[in-house]
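Fold and contact review
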Amino acid sequence: MPPEASNLSLEKAELPTPSADDKLPMALFGASGYGTFHLNALFSLEKKGLIELAAVADPAISRLEEVRANLEEHHVPWYEEPGRLFQQERKIKAVSIAAPIPWHEGLCRAALEQDLYVFLEKPPVPLIQQWDSLLRLDASRRIAVAFQNIASLPIQTLKHWCVEGRLGKIETIRITAAWPRKTKYYERNSWAGKLHLGDVPVFDGPATNALAHVLHDAMFLASPQPSGFAVPLEVKAELYRARPIESYDTCCLRALLEGGIELTAALTHACEETSPYKIVVTGSRGKAWISADGTRLENNQGWPDIEEPSAQYRSRCYENFILYALGRRPRPDTFFADTRGYVLLTNGMILSSGAIHTIPTAYKSVVDAGQEASYAIAGVLPLLQTTLEQGLLFSEQGVPWAVGCQMQSVRQLSSLSLKSCLPALL
Ligand SMILES: NC(=O)c1ccc[n+]([C@@H]2O[C@H](COP(=O)([O-])OP(=O)(O)OC[C@H]3O[C@@H](n4cnc5c(N)ncnc54)[C@H](O)[C@@H]3O)[C@@H](O)[C@H]2O)c1
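Let us look at the structure shown here. (Residues numbered from 1 in each chain as written. Predicted model: local features only at pLDDT ≥ 70, side-chain atom pairs only at ≥ 80, totals over all residues. Heavy atoms only, no water.)

**Focus: empty space enclosed by the protein**
The line we're drawing: Whether a set of points on the 1 Å grid over the protein atoms alone is a cavity depends on a 1.4 Å probe fitting there but being unable to get out, while an open set qualifies as a pocket with protein on both sides within 12 Å along at least five of seven lines; lining residues are those with an atom within 4 Å of a point. Grid points are joined across faces, edges and corners, and a volume is the space filled by probe spheres set on the points. Basically, the charged four are Asp, Glu, Lys and Arg, the nonpolar ten are Ala, Val, Leu, Ile, Met, Phe, Trp, Tyr, Cys and Pro, and anything else, Gly included, counts as polar. Note that the domain bounds reflect an automated or database-derived domain assignment.
The tally for this structure, following the rule as stated, stands at 2 cavities of 30 Å³ or more. Classifying every residue of the lining of the largest cavity gives 6 nonpolar, 2 polar and no charged. Both domains that meet at the lining of the largest cavity, namely domain 1 (11-148) and domain 2 (153-411), each give it at least three residues. Space inside the second largest cavity adds up to approximately 40 Å³. Around the second largest cavity, the lining residues are Y34, F37, F119, E121, A146, Q148, R314, C317 and Y318. Of the residues in the lining of the second largest cavity, the class split is 6 nonpolar, 1 polar and 2 charged. Composition of the lining of the second largest cavity by domain shows at least three residues from each of domain 1 (11-148) and domain 2 (153-411).

Here you go:
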């Protein structure tokens, strides 16, 4: 029998009621884009008596009229310079970082220098050397990463099945997703579609931004420890661009994870239609899969499906961090230290691919519609389906534009540069 949802320790009823004097004074970095979700979440957490929103910083705040009005109505001071917030707001105990990827490392360093707790948006930092150096500063485990799926009932239940051995020995994890992204997505800021912003690494792309969750989910599911995350040993990957961007918009990978599990994934933004992500876990005794973009768990054992809307687990993940920072929970869903597998995997991907390969014009369609313009690789959805069913990379499926790659060991990986992958001319 599968475990009932109520057997998992996710029930809010189990959590202690906060008292008025143990609210967490918090600041937010990044108030528009995904920062909008954070701002709303922080106001709700304030209403619940868990935090006090003490200040907000955003370099673009002078343009964010509605945000400013909202903050002023709630008597929340705002700053244009993130550094000034750190200097002035000495009573804060925690920060949420919803700023863009290139600023994650610097903001985390500034927060750790003041012994603050940090709720850091995913992905943590682009490169393993940045990750190693932040980990050294995070000895007291103050950073949690906002990989919200880890708090979801479907993922928690599947993890439980894997750890308990209900599916037998886990052999493979296969993932696919097609999330179209139009020109407006790439033009919404200065860093979208970039490998570097000046000298600062970005490494934007499906596996390293929008769909980063699914790879981190795989690391969670692959570890036999109840709260553990696996690390990869070897990675093979192919990175492609259909759109004229610096970084990639399509990728596939196969990795050997610690414990012998084979992970395969194919992800793209260069598609016309959406195909929600699917994570299929196959064990020696059965198969179960996360579908509908993470909101449903299904299986071939006749156990009931388990569903949860994403808004619910996104909020739970936030609350779990706050309770951790208040000392009322032993851990958040993802410690910074838990993201090593994810960072090694994505770093191994670019090393294995060696370059980002441009898909020739003959194999893609371009719908030129200004901000709505899209680039789609011909036949990409069937390619993804074959990866899901057979675990094959694109170059192993006989596609004319695909380029084979080298197996990359990531056991000893401690540094890499994205500069060698910058295209000479797009
Ligand atoms: N958890 C999720 O499901 C999810 C979803 C979307 C985005 N994200 C993550 O959220 C982060 C932000 O992404 P986005 O697309 O909203 O970015 P964005 O470019 O829209 O920026 C968000 C906000 O941060 C502000 N900002 C820029 N530099 C800043 C700095 N140094 N300090 C403070 N604020 C700064 C911007 O002005 C903007 O208002 C990324 O890490 C992204 O991966 C997470």
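**So, unusual backbone geometry**
The cut-off we apply is this: Here a strand is any run of E in DSSP of at least two residues, a helix any run of H or I of at least four, and the numbering for each starts at the N terminus. When accessible area is computed with a 1.4 Å probe and restricted to protein chains, residues below 20% of their type maximum are described as buried, those above 50% as exposed, and intermediate ones as partly exposed.
Cis peptide bonds are those with omega within 30 degrees of zero, and the linkage from K122 to P123 qualifies with -15°. Structurally, P123 can be placed in the loop between β5 (117-120) and α5 (128-137). Even without a glycine there, the phi angle at R141 is positive, about 50°. Within the secondary structure, R141 is located in the loop between α5 and β6 (143-145). You can call R141 partly exposed: its relative accessible area is 36%. Unlike most non-glycine residues, D293 shows phi in positive territory, near 55°.

**What about the nonpolar core?**
Selection rule: The term nonpolar core refers to a set of buried residues drawn from Ala, Val, Leu, Ile, Met, Phe, Trp, Tyr and Cys, joined through side-chain atoms within 4.5 Å. Pairs of residues are marked as contacts when any of their non-hydrogen atoms sit within 4.5 Å.
Ranked by internal contacts, the top residues of the largest apolar core, which has 92 residues, are V95, L158, I173, I175 and L215. With 8 residues, helix α8 (residues 212-222) is the single largest residue contributor to this core. Lining this core are residues from two domains, each supplying at least three of them: domain 1 (11-148) and domain 2 (153-411). When neighbours within four sequence positions are excluded, I173 is seen to be in contact with A218, L221, A222, I261, E262, L263, T264, I279, V280 and V281.

**Re the layout of surface pockets**
Reported here for the largest pocket is a volume of approximately 1,200 Å³. Lining the largest pocket we find 38 residues, and of these G33, Y34, A98, R188 and W191 sit closest to its centre. Here the residues of the lining of the largest pocket are counted per class, giving 19 nonpolar, 11 polar and 8 charged. When residues of the lining of the largest pocket are sorted by domain, at least three fall in each of domain 1 (11-148) and domain 2 (153-411).

**What to know about the packing of aromatic side chains**
Selection rule: In this scheme Phe, Tyr and Trp rings, the latter by its six-membered ring, pair at centre separations within 6.5 Å, and the angle between planes marks the pair as stacked below 30 degrees, edge-to-face above 60, and tilted otherwise.
In total, this model carries 17 aromatic pairs according to the counting rule given. A centroid spacing of 4.9 Å and a plane angle of 85° characterise the contact between Y240 and W401, whose relative ring orientation is edge-to-face. Taken together, the positions of Y240 in strand β10 (residues 232-241) and W401 in the loop between α11 (380-390) and β20 (408-409) put the pair 161 residues apart, joining distant regions of the chain. On the basis of relative accessible area, Y240 is assigned to the buried category, the value being 0%.

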